[in-house]
Amino acid sequence: MSFFTQLLAFKTTSNQAGQLYSQVLGLFLGVHQRQLRYFLESGDLVPTLPEATAAAIAQVQAATDQAQAMIAQVQEANAQAQEAKAQAQEAKAQAQAAETKAARLAAQLRELGIEPEA
C-alpha cells in the first residue's frame, strides 16, 4: 500500500470549499492558484515563508519610515526651540541695553536738574 493510499484510508473532513482538514496541524489543506496550500479555519490563507518574510520586511520598513519621520519632526521642533531661545536671549539683551540707556539718560537729566520721574 502506497503512502498516498494510506493517506486516503484515513477518515477526512472537508469544509464547504472542498479543503481537507488536518487534525494534527489544525489547518485545512486546499488549492490556491493551482498550488497546494494550508488555510486557517477562518478560511484565510497561511502565508508561505517568502510571503511571511516579505510582509515582515514591509512592516519593518513602514516602522522605520515612521520612526525617521518622527525623528525629523523632533529635530525640526528642536531647531525651532533653539531659534526661540536665541530670540529670547536677544530680546533680553535688548531689554537690558534699553534699561541701561534709560538709567544713563535719567542720570544725565538729574545732572541738569530735571527729575525724570516727575
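Okay, so let's go over this structure.

Right, let's get into the overall build of the protein. A count of helices and strands for the protein gives two helices and four strands. Within the protein, buried positions represent 6% of all 118 residues. Restricting to contacts in the protein with at least 6 residues of sequence separation, those with at least 24 account for 0%. Accessible surface, the protein: about 10,100 Å² in total, of which carbon and sulfur atoms supply 58%.

Moving on, we get to the side chain of Gln 19. Turning to its location among the elements, Gln 19 is positioned in the loop between β1 (13-14) and β2 (20-22). Within the structure, Gln 19 has its side chain in polar contact with the side chain of Asn 15 (distance 2.8 Å). Once you skip the residues sitting within four places of it in the chain, Gln 19 turns out to touch Thr 13, Ser 14, Phe 28, Leu 29, Gly 30 and Phe 39.

Taken together, the three bridges between β2 and strand β3 (residues 27-32) define a ladder with antiparallel strand orientation. Bridged to Ser 22 within β3 is Leu 27. One ladder, built from five bridges, connects β3 with strand β4 (residues 35-39); its direction is antiparallel. Residue pairing in the sheet places Leu 29 in a bridge with Tyr 38 of β4.

Okay, the sheet that holds β3 next. Pairing within the open sheet is antiparallel, and its four strands lie in the order β1-β2-β3-β4. The outermost strands of the open sheet, each flanked by one partner alone, are β1 and β4.

Here we come to helix α2 (residues 49-111). Taking 1.5 Å as the rise per residue, α2 with 63 residues should run 93 Å; its terminal C-alpha atoms sit 92 Å apart, in good agreement. Positive phi shows up at Gly 113, right after α2, with a value of about 85°.

Another aspect to go through is a nonpolar patch on the surface. Among the surface-exposed residues, Val 24, Leu 25 and Tyr 38 lie close enough to one another that they form a single nonpolar patch of about 320 Å² accessible area. With respect to the helices, strands and loops of the structure, Leu 25 is situated in the loop between β2 and β3.

For the rest of this paragraph, the subject is unusual backbone geometry. Look at Gln 33: it is not a glycine, yet its phi comes out positive at around 50°. Here Gln 33 shows up in the loop between β3 and β4. In this structure Gln 33 comes out as exposed when scored by relative accessible area, which is 66%. Unlike most non-glycine residues, Arg 34 shows phi in positive territory, near 65°. What makes Arg 34 exposed here is its relative accessible area of 83%.

Cut-off values and rules
- Residues numbered from 1 in each chain as written.
- Predicted model: local features only at pLDDT ≥ 70, side-chain atom pairs only at ≥ 80, totals over all residues.
- Heavy atoms only, no water.
- Helix = DSSP H or I, 4+ residues; strand = E, 2+ residues; numbered from the N terminus.
- Buried < 20%, exposed > 50% of the residue type's maximum accessible area, 1.4 Å probe, protein only.
- Contact = heavy atoms within 4.5 Å.
- Areas by Shrake-Rupley, 256 points an atom, 1.4 Å probe, with all protein chains shown as cover.
- Polar contact = N/O pair within 3.5 Å; in protein donor to acceptor, adjacent residues only side chain to side chain.
- Pairing = 2+ DSSP bridges.
- Expected span 1.5 Å × (residues − 1).
- Patch = residues over 30% accessible without salt bridge, like charges linked within 9 Å, V, L, I, M, F, W, Y side chains within 5 Å.
- Salt bridge = Lys/Arg side-chain N within 4 Å of Asp/Glu carboxyl O.

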